[in-house]
Amino acid sequence: MSRKLNYREAMREAMHEALVADPRVFLMGEDVGRYGGTYAFSKGFLDEFGPERIRDTPLSELGFVGAGIGAALGGMRPIVEVMTVNFSLLALDQIVNTAAAYRHMSGGQFSVPLVIRMTTGAGRQLAAQHSHSLEGWYAHIPGIKVLAPATIEDARGMLAPALADPDPVVIFEHAGLFNMEGELPDDWTVDIRSAKVRRVGRDVAIITHGGSLPKAMQAAEQLAAAGIEAEVVDLRVLRPLDTATIAASVAKCHRAVVVDEGWRTGSLAAEVMARIMENVFYELDAPVARVCSEEVPIPYARHLEAAALPQPEKIVAAVKEMLG
Amino acid sequence: MIDHRAPPPPAGPVPWDKKFALRLLADMVRIRRMEEKSAEMYGAGMIRGFLHLYIGEEATGVGALHALQPEDNIVATYREHGHALVRGMDMGVIMAEMYGKREGCAHGRGGSMHLFDRATRLFGGNAIVGGGLPLAVGLGLAAKMQNEKRITACFFGDGAVAEGAFHESLNLAALWKLPVLFCCENNLYGMGTALERSESQTDLCVKAASYNMPALKVDGMDIVAVHEITKQAAQRVRAGEGPLFVEYQTYRFRAHSMFDAELYRQKAEVEEWKTRGPIHTFSARLKAEGKLTEEEFLAIDARANAEVDAAVAFAEAGTWEPVEDLLRDVHAS
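Residues numbered from 1 in each chain as written. Chains lettered and ligands numbered in written order. Predicted model: local features only at pLDDT ≥ 70, side-chain atom pairs only at ≥ 80, totals over all residues. Heavy atoms only, no water.

Novice: Which residues make up the overall build of chain B, and what are the values?
Specialist: What chain B contains, in helices and strands, is 12 helices and 7 strands. A globule of 333 residues ought to have a C-alpha radius of gyration of about 20 Å, and chain B, at 19 Å, matches this closely. Taking the principal axes of the C-alpha coordinates as reference, chain B spans close to 55 × 50 × 40 Å. Counting across all 333 residues of chain B, residues that qualify as buried make up 59%. Looking at chain B alone, contacts between residues at least 24 apart form 75% of all its contacts between residues at least 6 apart. For chain B, the exposed area adds up to about 13,000 Å²; of that, 54% sits on carbon and sulfur atoms. (Helix = DSSP H or I, 4+ residues; strand = E, 2+ residues; numbered from the N terminus. Rg over C-alpha atoms; globule rule 2.2 N^0.38 Å. Buried < 20%, exposed > 50% of the residue type's maximum accessible area, 1.4 Å probe, protein only. Contact = heavy atoms within 4.5 Å. Areas by Shrake-Rupley, 256 points an atom, 1.4 Å probe, with all protein chains shown as cover.)

Novice: Quick one: what's the story with the packing of helix H4 (residues 91-99) of chain B against helix H12 (residues 294-317) of chain B, residue by residue and with numbers?
Specialist: Residues and elements named next belong to chain B. Two elements in contact, H4 and H12, have axes separated by 8 Å at closest approach and are oriented at 45 degrees. The angle between H4 and H12 places the two elements in the oblique class. In the packing of H4 onto H12, the handedness of the crossing is right-handed. In this structure, H4 contributes Met-91, Gly-92, Val-93, Met-95, Ala-96 and Tyr-99 to the contact, and H12 contributes Glu-307, Val-308, Ala-311, Val-312, Phe-314, Ala-315 and Glu-316. Partitioning the contact of H4 with H12 into residue classes produces 10 nonpolar, 1 polar and 2 charged. (Axes fitted to C-alpha atoms, helices over the stretch in contact; angles between N-to-C directions. Parallel < 35°, antiparallel > 145°, perpendicular 65-115°, else oblique. Left-handed = near helix turned anticlockwise from the far one by under 90°. Nonpolar A, V, L, I, M, F, W, Y, C, P; charged D, E, K, R; others polar.)

Novice: Break down the packing of aromatic side chains for me, citing the residues and quoting the values.
Specialist: Residues and elements named next belong to chain B. Inspection of the entire model under this criterion finds 22 aromatic pairs over all chains. Between Trp-16 and Phe-20 the ring centres are 5.3 Å apart and the planes differ by 85 degrees, which places this aromatic pair in the edge-to-face class. Both rings, one in Tyr-42 and one in Phe-259, keep their centres 6.4 Å apart while their planes meet at 90 degrees; by these two values the pair is edge-to-face. Taken together, the positions of Tyr-42 in helix H1 (residues 18-43) and Phe-259 in the loop between strand S7 (244-249) and helix H10 (267-274) put the pair 217 residues apart, joining distant regions of the chain. Here Arg-265 stacks its cationic end above the ring of Tyr-189, 5.8 Å away from the centre of that ring. (Phe/Tyr/Trp six-rings, centres within 6.5 Å; stacked < 30°, edge-to-face > 60°. Lys NZ or Arg CZ within 6 Å of the ring centre and 35° of its normal.)

Novice: Run through the domain arrangement of chain A, naming residues and quoting values.
Specialist: Residue and element names in this part refer to chain A. Assigned domains within chain A: domain 1 (3-184) and domain 2 (196-323). Each of domain 1 and domain 2 has a C-alpha centre, and the two are 26 Å apart. Carbon and sulfur atoms supply 57% of the area buried between domain 1 and domain 2, which totals about 2,100 Å² over both sides. The largest contributions to the domain 1 side of the interface with domain 2 come from Gln-125, Ala-139 and Ala-148, which together make up 25% of the buried area. If you look at where domain 1 meets domain 2, you find 3 salt bridges. Arg-198 is paired through a salt bridge with Asp-154; the nearest N and O atoms lie 2.9 Å apart. (Domains from an automatic or database assignment. Buried area = accessible area lost by both parts, 1.4 Å probe. Salt bridge = Lys/Arg side-chain N within 4 Å of Asp/Glu carboxyl O.)

Novice: Account for the pattern of salt bridges, with residues named and values stated.
Specialist: Think of it this way: side chains of opposite charge can pair up when their charged atoms draw near. Residue and element names in this part refer to chain A. Evaluated as defined, the whole model comprises 43 salt bridges over all chains. The salt bridge partner of Glu-153 is Lys-196, with a shortest N-O separation of 4.0 Å. Note that Glu-153 is positioned in helix H8 (residues 152-157) and Lys-196 in strand S9 (residues 196-199), a separation of 43 residues in sequence. Through salt bridges with shared partners, a single ionic network connects Asp-154, Asp-191, Arg-198, Asp-234 and Arg-236.

Novice: Got a sec to walk through empty space enclosed by the protein? Specific residues and values, please.
Specialist: Residue and element names in this part refer to chain A. Going through the model one piece at a time under the given rule, you end up with 1 cavity of 30 Å³ or more. Here the largest cavity is characterised by a volume of approximately 40 Å³. Every residue along the wall of the largest cavity is listed here: Tyr-39, Phe-41, Glu-81, Met-83, Arg-117, Met-118, Thr-119 and Glu-173. Secondary structure elements with two or more residues in the lining of the largest cavity: strand S4 (77-84) and strand S5 (115-120). In terms of residues, the lining of the largest cavity owes the most to one element, S5, which gives 3 residues. A breakdown of the residues in the lining of the largest cavity according to their chemical character gives 4 nonpolar, 1 polar and 3 charged. (1 Å grid on protein atoms, 1.4 Å probe; cavity = no way out; pocket = protein on both sides within 12 Å on 5 of 7 lines; lining within 4 Å. Points joined across faces, edges and corners; volume = space filled by probe spheres on them.)

Novice: How would you sum up the packing of helix H5 (residues 132-145) of chain B against helix H6 (residues 164-175) of chain B? Please name residues and give values.
Specialist: The axes of two packed helices give the description: the angle between them and the distance between them. Residues and elements named next belong to chain B. For the pair H5 and H6, interaxial distance at closest approach is 8 Å and the crossing angle is 15 degrees. The angle between H5 and H6 falls in the class roughly parallel. Of the two elements, H5 crosses H6, and the hand of that crossing is left-handed. Facing Leu-133, Pro-134 and Val-137 of H5, the residues of H6 in contact are Ala-165, Phe-166, Ser-169, Leu-170, Leu-172 and Ala-173. Here the residues of the contact of H5 with H6 sort into 8 nonpolar, 1 polar and no charged.

Novice: How would you explain the state of the cysteines if you had to name every residue and give the values?
Specialist: Residues and elements named next belong to chain A. Applying the stated criterion across every chain yields a total of 0 disulfides over all chains. The cysteine Cys-292 is free of any disulfide, with Cys-253 supplying the nearest cysteine sulfur at 19 Å. By relative accessible area, which is 4% here, Cys-292 ends up buried. (Disulfide = S-S within 2.5 Å.)

Novice: Now, about the interface of chain B and chain A: what can you tell me, with residues and values included?
Specialist: Counting residues at the interface gives 36 residues for chain B, matched by 41 residues for chain A. For the pair chain B and chain A, the summed buried surface comes to about 3,200 Å²; carbon and sulfur atoms form 64% of the total. Broken down residue by residue, the surface that chain B buries against chain A is led by Phe116(B), Met145(B) and His331(B), which jointly contribute 18%. If you look at where chain B meets chain A, you find 0 salt bridges. Inspection of the region where chain B meets chain A yields 15 residue pairs in polar contact (both at pLDDT 80 or more). Elements that contribute at least two residues to the side of chain B that touches chain A include exactly H5 and H6 of chain B. Ranked by residues supplied to the side of chain B that touches chain A, first place goes to H5(B) with 8 residues. (Polar contact = N/O pair within 3.5 Å; in protein donor to acceptor, adjacent residues only side chain to side chain.)

Novice: Got a sec to walk through helix H10 (residues 212-225) of chain A? Specific residues and values, please.
Specialist: Residue and element names in this part refer to chain A. Here H10 is 14 residues long and its end C-alpha atoms lie 20 Å apart, about the 20 Å a rise of 1.5 Å per residue gives. Among all positions of H10, only Ser-212, Leu-213, Lys-215, Ala-216, Ala-219, Ala-220 and Leu-223 are buried. Within H10, the buried residues cover an arc of 155 degrees as seen down the axis, which keeps them to one side. For H10, the secondary structure elements touched by its buried residues are S9, strand S10 (204-208), strand S11 (230-234), strand S13 (256-263) and helix H14 (312-323). Gly-227 sits one or two positions beyond H10 and adopts a positive phi of about 85 degrees. (Expected span 1.5 Å × (residues − 1). Arc of directions from axis to C-beta.)

Novice: Quick one: what's the story with the sheet that holds strand S3 (residues 54-56) of chain A, residue by residue and with numbers?
Specialist: Residue and element names in this part refer to chain A. Here 7 strands make up an open sheet; going across it, the order is S3-S2-S4-S5-S7-S6-S12 and the pairing mixed. Looking at which strands have only one partner, the edges of the open sheet turn out to be S3 and strand S12 (237-239). Going from strand to strand, the sheet's axes swing by 20 degrees on average, the running direction of each strand aside. In this structure, strand S2 (residues 25-29) lies alongside S3, joined through 3 bridges in parallel fashion. Bridge assignment links Leu-27 to a residue of S3, and that residue is Ile-54. Helix-sheet contacts for helix H3 (residues 61-73) involve S2, S4 and S5, and the interaxial angle to S4 is about 165 degrees. (Pairing = 2+ DSSP bridges.)

Novice: Please give an account of unusual backbone geometry that cites residues and values.
Specialist: Residue Arg239(A) is joined to Pro240(A) through a cis peptide bond whose omega torsion reads 0 degrees. Locating Pro240(A) in the fold gives a position in the loop between S12 and helix H11 (243-253). In the Ramachandran plot, Arg121(B) falls in the positive-phi region, its phi being about 55 degrees despite a non-glycine side chain. Notably, Asn147(B) is not glycine yet its phi reads approximately 55 degrees, a positive angle. Within the fold, Asn147(B) resides in the loop between H5 and strand S2 (152-157).

Have a look at this one:
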């Protein structure tokens, strides 16, 4: 048996479950309460759990993310919702200088069991200040775990282990996925350690995460029609990266294309490529390729935005070029 | 232009019994001697990185911290050696941390600016100006949500008042009526920038009061005034009346850090403030009241020096963490 639900419902269920299960869990962020959540993830929560646990905040990202850190240190299990990754830049100091470093600089005396959730990604004509994909930046920082749920199962299942983790976990939810529907099997289990093969193939490994996963799957279908069987690897966990799964897929397919909505320079894609070189260089039949966002602030106009982002067609083209 | 001149020397009766008065005096002396030795060991190359001394400001930390309870949370800055010591951290452990030794509170991972102590609920040692304020708000929130009686005392300097974190934190704490005591140690300079060169409103209490919380000002060189006002403030915060702001007007006698040539203030100004030094003014008041003899003062000083010597010996006998353990304490596992 399985049931159908969308990404938004899956995430809402996950938070609901956490709030019911543990009185230490509370949700804090801009418009999570009375408004029902910017993306309606917490609709109805205020009535059910009350204003103490569904806590609307002022527009003070630095302040309330830092307060989440303090509350975690004080014995609570906060879920802090930063409306989008774009606004998380206002909270970077608390995330990088405090949350990520706290355990280490206290010599292991303290840990920060905090979950920070934020929307990421472009594709909705929101222009340069509302379209960032900066999860690669966060994945650069030791001391935090970085998750990118891209399936219904992961949207439903990643929050619980993130809350159980004694260290800070940052969850990136791509806005392009929120209305995606899927089947949730009854016996789902997810971890926050491993990458996962979402489509088995043999000719090329397409390695991606988040909002680019459906695009990679579409590209794989188009390639299949042309007789090319692509394997699609969903990174899921951006820090720490599951190098073994990446290497196994590349060793099997001997070719790899990395797809990442981040900008090309200094991207997470670059890190994945480097790990392929370090681990399975001699398995490669061709140089590793990547499809990233073009190096431009994301433009508003629909056709220009589309041209700036990874698209199934670009992935197909990259694979075909590689295969000659 | 604000007045950089020192206030009149603290005077008036000391409303404490001899035992308590001498305990606070001893803590100021312990800090002073520890800081002097730290500077010496910095010069000798045994302590590296940044080192920010609390010399001159002792009355503020000692007076305020003795007004708090063991269950309270403390959030401090990078000028926190004294706070750690008064709160109960062993001086040897502090010194070992500054030496970078395994026997330090953070095994040498933090150094001078990152003293943490779970046992005494000292949540650092924060080297980002204003960085501790949001943390204190969260600690206050956790206490309130769990119906705990503890309050959170957050120490920060006048420089932090210019940070967004200050304004966001005071607003949140007041909005949510959190048990947070904001302790602003105003020593008139954010590193080398005088308050009036960085603030359009130099009355810091006006800023705090604009967030709808009581804001009190006190002579931070007067340990009696510091302690009494903090005691009242802590009581109000503990009673659930919401946050409170106290501005301690104090002065640092030494440079900002060991890299500071002090080009931004007049020597005469520093000298004038030194005449208000909290240790000798408090000692004089106690002597005038017959609560302290010169012999007793010398004994206090000798004990502090002995403690410092033992702390240095402990640090020097300490060991280095093996490089094989480099990656520990990044994650739980």
